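Given next are the chains, with one letter for each unit.
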Amino acid sequence: MRKAIMFGIFVALALVGPAEAKVEGDTITLGAAVSLTGRYATEGGQTRHGYDLAVKRINEMGGVKVGGKSYKLDIRYYDDESSNDRAAALAERLINQDGIKFVLGPYSSPLTGAVAPITERFKIPMVEANGASRSLFTKGYRYLFAVLSTSDQYLSSAVDLAAERAKEDGRAPASVRLALAMGDDSFSLDVRAGILEAAKAHNMQIVIDDKVPDGFTDISATLARVKAVKPDVLLISGHAKGAATATRQIAEAKVDVPMLAMTHCDSAQIAEKMGAAAEYTLCASQWAPTLTYSDKWFGSAQKYDELFRKTYNYDASYQAAESSAAVLVYVDAFERGQSLDTEKVRDSLAATNLATFYGPVKFDDTGKNTGKPMVLFQVLGGDYKVVAPTKWAVAKLVHPRPPWSKRGS
Amino acid sequence: MPAPMTNLLLFLEAPALLVQVLLDGILIGAIYALAAYGMALVWGVMNIVNVVQGELVILGGYLAIMFSGLGVSAFLTVPLAAAALFALGWVMYAGVVFRVTGKDMFVSLLATFGLSILIAQLINQIWGADVRSLDAELGSWLILDSVVTISRARVAALAAALVLGAALVVFLRTSRLGRAIRATAQNARAARALGVDTDWVYAATYAINGAICGAAGALIAMIWVIHPFAGLVFTIRAFAIVILAGLGNLALVIAAALGLGAAENFVGFVLGAQFQGAFVFSLLVAILVWRSRRLARSRKVLR
């Protein structure tokens, strides 16, 4: 009798075939190709730590409960060497050879863009945490879900903030003049598109619109023009190297501009490494440990940060936090749908409406998270303080930035 | 009015800006000059286009940051990085480069390209992919009604580049090894016949190039930021300068480097930063075409 039941289950499994999850005994194995070597090695490592910490926490709390049974979580990793081709090949390998049915995203938009067509072809869900490019969400992908805010939102918040400040100072927002120095990578071009939209909404004029070539090693020509044209806002995007280059050269050339905002200051660690040069810079960020988000797994954003530091001996970056959140989104979908069938999990994912320590997660039709806003830090006293949106501000925005001649050195 | 025109008009409104733009460019050019010296030396003596040049520069920067982390003052890191890369250059010659000297240039291109990938990834493994910089904390000078700022670290880098260049010229002119290097460059077989140990000369040349790159890297870390995959910028600039200036003349290399830096920055100001890279490459193509035409007239070919 027992054998007959086992046989029945076996046949059922065989019939259901590829749609059934990779479940060995009581373990659900997720799959991820992340960059452990190559240009994204740092962020890739943080992504992996984020995934691992969430898996560890879920397993400590008794695992994932589906159909009255508790499953442990596990992740199969490969190193994609920061290469698009490698990432795509490894995604196929995860799905075809390793039988992985639930994929976690790689680091960066280009790599996510390389993996998405594969997961789409095999109808395997991918929850990703580190591909913010909006081009990912214009291709009609059904199985792609992203927990982070898209890249066009990074600096549009700074444009809105500038408009708000102009109104407070009794000026028309339309009188605000913007200067842009954007890298020519796809992320920065998205950031630029978002800025242009916001600027158009406020009827602002863009007086400098430079695209900085790959490498972002020198923007002194652009800065010379900023000094001459005197815009109200200088916006910079070029990953960590762009933030570091800009911070250093703006301080060196003593460029005075009332508002300076950039992306990736936290990954470039400008406050920690560049001290006074970084002061008063606005930094766009997906997440901050001081935000008052909470959930049942990690408690609060702050508790997550503490646990992360205890486990890995460095502060949780937003890259790590959003990666952890991606795992939580899967767990929520498994438990809410009470199924490990890929189609049912996909539908549960699409219906996600989840509060996490990383912020609210709610996907629109294209799979991007529309629940969570971007935050702006300002570097104040060598620390990153949230100054916008006002709801989560822990410090008051210092505006305009004091001119260099009025500062200490 | 199109943006380039308005940008040009800015110079009329504030002529001091022109000083700023050209000065920035010249100061950057000094660093290119260092990387280009080394490349010209290796190219001229060993007939190798050293594609790993930029990665050696970056490695020099990382070593300088490491030494500075151990408590060494910023400017002492320059000779230390140079010494470390002198040794590494020797090891690279003994391990890999000697196998490709005297072979087809394509072989040496491939070998040094491979080395460049290897070194970039090793830097990534050891120090991580983070952007790094070394703060010499020298500040800036303000001149011409505070319109023009001059970073002191950049001026120091220019001075160091000039001193190193001069030292190299004196060394090649007067010292025994310098003469041996020049002899080998002129005719390796004849030099060998006259008792010059050309293998040793090659090793020394490659090591000296390493030292130059090390010094350039330490200076770069002080004025720019570095990351493991930034080497190509320096390889390409160095290549363009050497093509422009030719191999034999170090003074010309310096002039070409400073000129390229200034021209590149000027183009960046007038047309926008997006045209800076395009400008360097267009210039490279134009120079190659011009030089091969000129050589064709005297029935020679560009090597």
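Residues numbered from 1 in each chain as written. Chains lettered and ligands numbered in written order. Predicted model: local features only at pLDDT ≥ 70, side-chain atom pairs only at ≥ 80, totals over all residues. Heavy atoms only, no water.

Helix and strand content of chain B: 12 helices and 2 strands. Along its sequence from the N terminus, chain B presents helices and strands in the succession α-α-α-α-α-β-β-α-α-α-α-α-α-α. A globule of 303 residues ought to have a C-alpha radius of gyration of about 19 Å, and chain B, at 20 Å, matches this closely. Projected onto its principal axes, the C-alpha coordinates of chain B cover approximately 65 × 55 × 35 Å. (Helix = DSSP H or I, 4+ residues; strand = E, 2+ residues; numbered from the N terminus. Rg over C-alpha atoms; globule rule 2.2 N^0.38 Å.)

Residue and element names in this part refer to chain A. For the structure on display, the rule yields 20 salt bridges over all chains. A salt bridge links R134 to D152; the nearest nitrogen and oxygen atoms lie 3.3 Å apart. On the criterion of sequence distance, the pair formed by R134 in the loop between β6 (126-128) and β7 (144-146) and D152 in the loop between β7 and α5 (156-168) is long-range, its members being 18 residues apart. Among the charged side chains, a salt-bridge network with shared partners connects K56, R57 and E60. (Salt bridge = Lys/Arg side-chain N within 4 Å of Asp/Glu carboxyl O.)

Attention shifts here to the nonpolar core. In globular proteins that are soluble, nonpolar side chains generally tend to be buried together. Ranked by internal contacts, the top residues of the largest apolar core, which has 157 residues, are L73, V147, L235, I270, W287, Y304 and F334 of chain A. At 12 residues, helix α12 (residues 318-337) of chain A tops the list of elements feeding residues into this core. When residues no more than four places from it in sequence are discounted, the contact partners of L235 of chain A are L155, A158, V159, A179, L180, A181, M182, I195 and A261 of chain A. Membership of the second largest hydrophobic core comes to 94 residues, among which are A40, F67, A82 and Y93 of chain B. (Core = buried A, V, L, I, M, F, W, Y, C linked by side-chain atoms within 4.5 Å. Buried < 20%, exposed > 50% of the residue type's maximum accessible area, 1.4 Å probe, protein only. Contact = heavy atoms within 4.5 Å.)

All names here are of chain B. Those residues of helix α7 (residues 176-186) that fall on the buried side of the exposure criterion are G178, A180, I181 and T184. Along the long axis of α7, the arc covered by the buried residues comes to 160°, so they all point the same way. Along α7, exposed side chains directed more than 90 degrees from the buried face belong to R176 and Q186. On its buried face, α7 is in contact with α2 (16-46), α6 (152-174), α8 (188-193) and α9 (198-223). Sitting at the amino-terminal end of α7 is S175, which places a side-chain oxygen 2.8 Å from the backbone nitrogen of G178. (Arc of directions from axis to C-beta. Polar contact = N/O pair within 3.5 Å; in protein donor to acceptor, adjacent residues only side chain to side chain.)

The subject of this paragraph is the sheet that holds strand β10 (residues 233-237) of chain A. Residues and elements named next belong to chain A. An order of β9-β8-β10-β11-β12-β17-β18 is seen for the 7 strands of this open sheet, with the pairing classed as mixed. Where the open sheet ends on each side, the last strands, each with one partner, are β9 (205-212) and β18 (383-388). Direction aside, neighbouring strands of the sheet carry axes that sit 25° apart on average. For strand β17 (residues 375-380) and β18, the ladder comprises 5 bridges, and the chain directions are antiparallel. Residue F377 lies in a different strand from β18, and its bridge partner there is V386. Lying over the sheet, helix α6 (residues 186-202) contacts β8 (177-183), β9, β10 and β11 (259-263), oriented at roughly 165° with respect to β8. Along the sheet, helix α8 (residues 239-252) makes contact with β10 and β11, crossing β11 at roughly 155°. (Pairing = 2+ DSSP bridges. Axes fitted to C-alpha atoms, helices over the stretch in contact; angles between N-to-C directions.)

On to empty space enclosed by the protein. This structure, assessed with the given rule, holds 2 cavities of 30 Å³ or more. Its boundaries defined by the atoms lining it, the largest cavity holds a volume of some 100 Å³. Looking at the largest cavity, the residues that line it are S220, L223, Q249, E252 and A253 of chain A together with Q20, D24, T149, I150, S151 and R154 of chain B. Counting residues per element, the ones that place at least two in the lining of the largest cavity are α7 (220-229) and α8 of chain A together with α2 and β2 (148-151) of chain B. Among the elements that make up the lining of the largest cavity, the one with the highest residue count is β2 of chain B (3 residues). Grouping the amino acids of the lining of the largest cavity by side-chain chemistry returns 3 nonpolar, 5 polar and 3 charged. Roughly 40 Å³ of internal volume is contained in the second largest cavity. Around the second largest cavity sit A32, A33, A87, A91, L94, V103, L104, P106 and V115 of chain A, which together line it. When residues of the lining of the second largest cavity are traced back to their parent elements, those giving at least two are β2 (27-34), α3 (84-96) and β5 (102-104) of chain A. (1 Å grid on protein atoms, 1.4 Å probe; cavity = no way out; pocket = protein on both sides within 12 Å on 5 of 7 lines; lining within 4 Å. Points joined across faces, edges and corners; volume = space filled by probe spheres on them. Nonpolar A, V, L, I, M, F, W, Y, C, P; charged D, E, K, R; others polar.)

Bringing the packing of helix α2 (residues 41-60) of chain A against helix α11 (residues 301-312) of chain A into the picture now. All names here are of chain A. α11 packs onto α2 with a crossing angle of 105° between their chain directions and a minimal axis gap of 11 Å. It follows from the interaxial angle that α2 and α11 lie roughly perpendicular. In this structure, α2 uses H49, G50, D52, L53, K56 and R57 to contact α11, whose residues at the interface are Y304, L307, F308, T311 and Y312. A per-class count over the contact of α2 with α11 returns 5 nonpolar, 3 polar and 3 charged. (Parallel < 35°, antiparallel > 145°, perpendicular 65-115°, else oblique.)

With that out of the way, let us pick up the confidence of the model for chain A. Residues and elements named next belong to chain A. Considering every residue of chain A, the mean pLDDT works out to 88; 93% of them sit at 70 or more. Taken element by element, chain A is modelled with least confidence in helix α1 (residues 2-16), mean pLDDT 52, and with most confidence in β6, mean pLDDT 96. The low-confidence segment residues 13-20, where pLDDT is below 50, has 7 contacts with residues more than four positions distant or belonging to other chains. (pLDDT = per-residue confidence, 0-100.)

So, on to the pairing of strand β12 (residues 282-285) of chain A. In regular strands, side chains alternate between the two faces of the sheet. All names here are of chain A. Neither face of β12 is exposed, since L282 and A284 on one face and C283 and S285 on the opposite face are all buried. Where β11 meets β12, 3 bridges bridge the pair, whose relative direction is parallel. By the bridge assignment for β12, M262 is matched with C283. Relative to β17, β12 runs antiparallel, the two being bridged by 4 bridges. In the strand pairing of β17, C283 is matched with F377.

Before going further, it helps to spend a moment on a nonpolar patch on the surface. A surface patch of nonpolar side chains, amounting to about 290 Å² of accessible area, comprises F106, L109 and L110 of chain B. Position of L109 of chain B relative to the elements: it lies in helix α5 (residues 105-127). (Patch = residues over 30% accessible without salt bridge, like charges linked within 9 Å, V, L, I, M, F, W, Y side chains within 5 Å. Areas by Shrake-Rupley, 256 points an atom, 1.4 Å probe, with all protein chains shown as cover.)

What follows is about α11 of chain A. All names here are of chain A. Taking 1.5 Å of rise per residue, the 12 residues of α11 would be expected to cover 16 Å, and the 16 Å separating its terminal C-alpha atoms lies within 8% of that figure. Those residues of α11 lying buried are A301, Y304, D305, F308 and Y312. Taken around the axis of α11, the buried residues stretch over an arc of 100°, which confines them to a single face. Turned more than 90 degrees off the buried face of α11, the exposed positions are K303 and K310. One or two steps after α11, the chain reaches N313, where phi turns positive at roughly 65°. (Expected span 1.5 Å × (residues − 1).)

This brings us to the layout of surface pockets. Residues and elements named next belong to chain B. If you add up the space inside the second largest pocket, you get close to 1,000 Å³. Lining of the second largest pocket is provided by 40 residues; of these, A40, G44, V45, L247 and G248 occupy positions nearest its centre. Taken together, the elements giving at least two residues each to the lining of the second largest pocket come down to α2, α6, α7, α8, α10 (231-245), α11 (250-271) and α12 (274-297). Ranked by residues supplied to the lining of the second largest pocket, first place goes to α2 with 7 residues. Split by residue class, the lining of the second largest pocket holds 25 nonpolar, 10 polar and 5 charged.

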